[in-house]
Structure formats: C-alpha cells, structure tokens
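# An overview of the molecular structure
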Amino acid sequence: MAGGRRGGAPGAGEDYSPVSPVVKYLLFVFNFIFWIISLVMVGIGVYARMMKHAEAALACLSVDPAIMLLVVGILMFIITFCGCVGSLRENICLLQTFCICLTVIFLLQLTAGVLGFIFSDKARARVTEMVSNAIVHYREDLDLQNLIDFGQKEFGCCGGVTYTDWSQNMYFNCKPENPSRERCSVPFSCCLMTKKEVVINTMCGQGMQQLEFVEAGDHIYTNGCIDKLVDWIHSNLFLLGGIALGLAIPQLVGILLSQILINQIKDQIELQNYNLKHRSDPWS
C-alpha cells in the first residue's frame, strides 16, 4: 500500500494514516507464534488419539483430552492463519475474520464467567453431574482414570460428594451380586499415604465403602472432591483472576492491532481512489 499522499488538492487526505510496518509485522509475529502453538497442539492431539485403544478412546468422548486438544488446536490454527496471511497481504477480509473470531471468543469467555458466577448453584450441579459421569467411566478410559487419580491425590478427596460415590462404578459397586474383586473398594488415589512409602499399595482401598465414615477416615480421604474444589477456588481467586487476565490480554492485543491495521488499510484505499479520481483534473 502507498505510504503517503502524492498530489491531489492541498489539504485533501491529510487525515489519512499510512500502513505502519510496526503494526503490520507485530500482528504477523503475534499470530505466527500462536500458529506454531496450534500446530503443536494438533500434533499432540493426533498422537494421543492414535496411541489410545479405539474402544477406550470412544468410552467418554466428552472428557477425552485428545479430542479437546484437537478441537482447540484446529480452531486456533484457522484463526491465527487468517491473522498471519491477512497482516502480510493487508487483506481486510481476513483481518476482519480474525478480529471478529477473537471478539466472539472473548465475549463467550466473559459471558461464561459471569453466568458461572451468577448461577453458581446450577454450575455446581452441572459439575456434580460431570464428576458422577466420570466416576462411572473410570475404568473405561486411561486418560480419564489418570485425571481422576491426580485430582483425588492433589486435593486430598475421594468421590464427588463422599467416598461412597464410587459405588456408582460397576467395578466398585457394593451390590452382593457384583463379582468384581474391587467390590466395595475405592481407587488407591483415595488412600492416605505418607511420603516415606516407596512402593504404593494399589489395594489400600479394598472394602473401604463398607466402613463407617469415621473409621474409613483413618485409611482414606472421606470428603468429596467437589467441596474441596470449591474451597480451592475460593482460596485462589487472585490466581484464577491472573490466569483469566493472562488469557484475555493476548486476545485484546490481537483485536486492537488488527483493528488499527484495518483502519490504516482502508485509509490508504480511500487515498489511492482519491488520487486516481483527481489525477487528470488540474483544478482539483
């Protein structure tokens, strides 16, 4: 694009701003970095998906980390590709697509945060439902199993509301007709462990659901993970706010840079059209 106005009527086009190479290439670098990150995410998602057994991968698609990684990576790839090509080629259509997508994502995140705060009770009920579903599919997906075990060990909890929630799982169910060797048990991640233990006893949760709350508390965590998670959120609001701000700043920067570049390109198009129109007019 032209950097300034050549000819034309005195004073005409003085407010037109040239396309700044700083804004242009800063937006390109910004998008290129996230474009590379999106490729890495897609690659990891594809690899994780291929390495999983087919039946395990299809067991609980709603919480499959590989699927989530693929979806986020592909969306990020498309959006950042529009930003990269749009900034280099000074293409208004691609830049507007990039800007609109970022704006929609930012507004969706903001709306989700506000609704989650306003309807915290419904959000808690939804989380409870998700945890219950995860407990049911615990043995069907290795990624899900590792995620639950990590959460129970990290937060010092067991089950959703209480440790007896594990009876929802067909392997840990306490019904007399259940032939599983893990009947009335809980996963080893529920067990109270000391740092001195070198070898983990994976059968430490055997028969724990048959014990009373106080007696079971001598061997395993008895409180549910949902209350522990809520307590952790309340005590780490500043950390969560910082993470949310860290996610929002790059989006706002991308929106701002793309909008500045779009306005500069439009100014140059208007200026070129003005010059072409009045080039042969000696009185303009």
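Located above this text is the structure these notes cover.
Quick summary incoming for the structure in this document. No experiment lies behind these values; they were computed from the predicted model shown. (Residues numbered from 1 in each chain as written. Predicted model: local features only at pLDDT ≥ 70, side-chain atom pairs only at ≥ 80, totals over all residues. Heavy atoms only, no water.)

Taken as a whole and judged by the stated rule, the model has ten aromatic pairs. The interplanar angle of 15° and the centroid separation of 6.2 Å between the aromatic rings of F77 and F81 together place this pair among those described as stacked. Of this pair, F77 and F81 both sit in helix α3 (residues 65-89), four residues apart, roughly one helical turn. Assessed through its relative accessible area of 28%, F77 is described here as partly exposed. Ring centres 6.1 Å apart and planes at 85° place the aromatic pair F155 and W232 in the edge-to-face group. Here W232 lies in helix α8 (residues 225-235) and F155 lies in helix α6 (residues 142-155), a separation of 77 residues in the sequence. For F155, a relative accessible area of 28% puts it in the partly exposed group. Within the aromatic cluster, the residues linked to one another by ring pairs are F28, F32, W35, F77 and F81. (Phe/Tyr/Trp six-rings, centres within 6.5 Å; stacked < 30°, edge-to-face > 60°. Helix = DSSP H or I, 4+ residues; strand = E, 2+ residues; numbered from the N terminus. Buried < 20%, exposed > 50% of the residue type's maximum accessible area, 1.4 Å probe, protein only.)

Another point: the pattern of salt bridges. This model, assessed by the stated rule, comprises four salt bridges. Linking R126 and E129 is a salt bridge whose minimum nitrogen-to-oxygen distance equals 3.4 Å. Taken together, the residues R126 and E129, both in helix α5 (residues 120-136) and three residues apart, mark about one turn of the helix. Judged by its relative accessible area of 46%, R126 is partly exposed. (Salt bridge = Lys/Arg side-chain N within 4 Å of Asp/Glu carboxyl O.)

Axis separation between α8 and helix α9 (residues 237-278) bottoms out at 5 Å; the angle between their running directions is 75°. Judged by the inter-axis angle, α8 sits roughly perpendicular to α9. Within the contact between the two elements, α8 uses W232, I233, H234 and S235 and α9 uses L237, L239 and L240. A class-by-class count of the residues in the contact of α8 with α9 yields five nonpolar, two polar and no charged. (Axes fitted to C-alpha atoms, helices over the stretch in contact; angles between N-to-C directions. Parallel < 35°, antiparallel > 145°, perpendicular 65-115°, else oblique. Contact = heavy atoms within 4.5 Å. Nonpolar A, V, L, I, M, F, W, Y, C, P; charged D, E, K, R; others polar.)

To continue, consider unusual backbone geometry. The phi angle at E90 is positive, at roughly 55°, despite the residue not being glycine. Within the secondary structure, E90 sits in the loop between α3 and α4 (92-118). A relative accessible area of 12% means that E90 is categorised as buried. Unusually for a residue other than glycine, C184 sits at a positive phi of about 65°. Take C184: its relative accessible area is 3%, and that puts it in the buried class.

These results come straight from atomic positions and should not be treated as a statement about function.
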